[in-house]
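# Results of the structural survey
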Amino acid sequence: MKRAIPVLVLSAAALVPVWRYTPSTETTSSSQASESTPSASASTSTDGSTVVKGTAVDTEKGTVQVQVTFVGTEITAVKMLQQPDHPQTTAAVPKLIEETLQAQSAEIDTVSGATITSDGYRESLQAAIDANDDSASSSSSDSSSGSSSDSGSDKDSDSAASASQTVDGTAVDTSKGTVQVQVTFEGDEISAVQMLQQPNHPQTTAAVPTLIEETLAAQSADIDTVSGATITSDGYRQSLQAAIDAKGA
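Residues numbered from 1 in each chain as written. Predicted model: local features only at pLDDT ≥ 70, side-chain atom pairs only at ≥ 80, totals over all residues. Heavy atoms only, no water.

Here seven bridges tie strand S8 (residues 178-186) to strand S9 (residues 189-197), and the two strands are oriented antiparallel to one another. Note on S9: the bridge partner recorded for Val181 is Met195. Where S8 hands over to S9, the hairpin turn is made up of two residues, of which Gly187 adopts a positive phi near 70 degrees. (Pairing = 2+ DSSP bridges. Helix = DSSP H or I, 4+ residues; strand = E, 2+ residues; numbered from the N terminus.)

So, about the side chain of Ser105. Examined against the element boundaries, Ser105 turns out to sit in the loop between helix H3 (87-103) and helix H4 (115-144). Within the structure, the side chain of Ser105 is placed 3.1 Å from the backbone nitrogen of Glu107, a separation counted as a polar contact. If we skip the residues at most four places from it in the chain, Ser105 touches Ile75, Thr100, Leu125 and Ile129. (Polar contact = N/O pair within 3.5 Å; in protein donor to acceptor, adjacent residues only side chain to side chain. Contact = heavy atoms within 4.5 Å.)

By secondary structure assignment, the location of Gln194 is in strand S9. Here Gln194 falls in the buried class, since its relative accessible area comes to 14%. In contact with Gln194, not counting residues within four places along its chain, are Glu98, Leu101, Gln102, Gln180, Val181 and Gln182. (Buried < 20%, exposed > 50% of the residue type's maximum accessible area, 1.4 Å probe, protein only.)

Once that is clear, we can look at the pattern of salt bridges. The tally for this structure, following the rule as stated, stands at three salt bridges. Across the pair Asp119 and Arg122 runs a salt bridge whose closest N-O atoms are separated by 2.5 Å. Placement of both Asp119 and Arg122 in helix H4 is noted, with a separation of three residues, approximately one turn of the helix. Relative accessible area serves as the criterion here: at 18%, Arg122 is assigned to the buried category. (Salt bridge = Lys/Arg side-chain N within 4 Å of Asp/Glu carboxyl O.)

Where helix H6 (residues 202-218) contacts helix H7 (residues 230-248), the axes come no closer than 10 Å and their chain directions differ by 40 degrees. Here H6 lies oblique to H7, going by the angle between them. In the crossing of H6 with H7, the sense of the turn from one axis to the other is right-handed. The residues of H7 that touch H6, namely those facing Thr204, Leu211, Ile212 and Thr215, are Thr232, Ser233, Tyr236 and Leu240. In terms of residue class, the contact of H6 with H7 is built from four nonpolar, four polar and no charged. (Axes fitted to C-alpha atoms, helices over the stretch in contact; angles between N-to-C directions. Parallel < 35°, antiparallel > 145°, perpendicular 65-115°, else oblique. Left-handed = near helix turned anticlockwise from the far one by under 90°. Nonpolar A, V, L, I, M, F, W, Y, C, P; charged D, E, K, R; others polar.)

Positionally, Thr59 belongs in the loop between strand S3 (57-58) and strand S4 (63-71). Residues Thr59 and Pro84 lie 25 residues apart in sequence; the distance between their C-alpha atoms is 8.7 Å. Excluding anything up to four places from it in sequence, Thr59 contacts Val64, Ile116 and Gly120. Polar contacts involving the side chain of Thr59 include one to the main-chain carbonyl oxygen of Gly62, which spans 2.6 Å.

Owing to its 3.6 residues per turn, the α-helix aligns residues three or four sequence positions apart on the same side. With 17 residues, H3 should reach 24 Å at 1.5 Å per residue; the first-to-last C-alpha distance of 25 Å fits that figure. At Val93, H3 shows its largest kink, close to 30 degrees, and the proline Pro94 lies no more than four residues downstream. Of the residues making up H3, those classed as buried are Thr89, Ala92, Val93, Leu96, Ile97, Thr100 and Leu101. Positive phi shows up at Gln104, right after H3, with a value of about 55 degrees. (Expected span 1.5 Å × (residues − 1). Bend = angle between axes of the 7 residues up to and from the residue.)

Keep in mind that these numbers describe shape and distance, not what the molecule does.
As structure tokens, then:
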């Protein structure tokens, strides 16, 4: 009987590591979930427009990511969330945005000298367009399955869409050349600014994205002068203020 006791103790000790080991499926699931992020995200603003962030595209020059504002399926504004810190990129961005607003798609030309940035921009832009189309299709399916009582909300949506207004500012003659902006409003909010005329000058080309970005942030013409582009900045603010005044008239 004395010899049986150590045998039982050894048997129990051998079972301890087997009893303590349980495969963890939760850790695997958690890591997979964190890796499967959506390619683009959309959010609806109170004015009825939809703001969609495109995918962040990694290029050898740096990350490129756009944010696109839609009214229905119309592209009303494009904003750069991330872009390479490179002179060619800075010069290319206004052209890419301008072509996007004209083409209303990602089928736009590559900007000379900024091929890599152009490719990343188109990829991020297309992802945003696809996400908006998916969102619009989903909303359409939901509305078609509803009753006739939904007609009131449809009228509200139409009203929100019709609130979009585009106003041309005055053409301001400067010693560097003519400056003129076109401003898109969603209700009282400035949702996009496009250059109709600008001096053909490197400082102007570099300054325009900064001026537009500050306008969208300030929602007014009360913005700073861009260093090295004082004349263009003054003309820009004057044309912008004229557009804001004309909208309010």
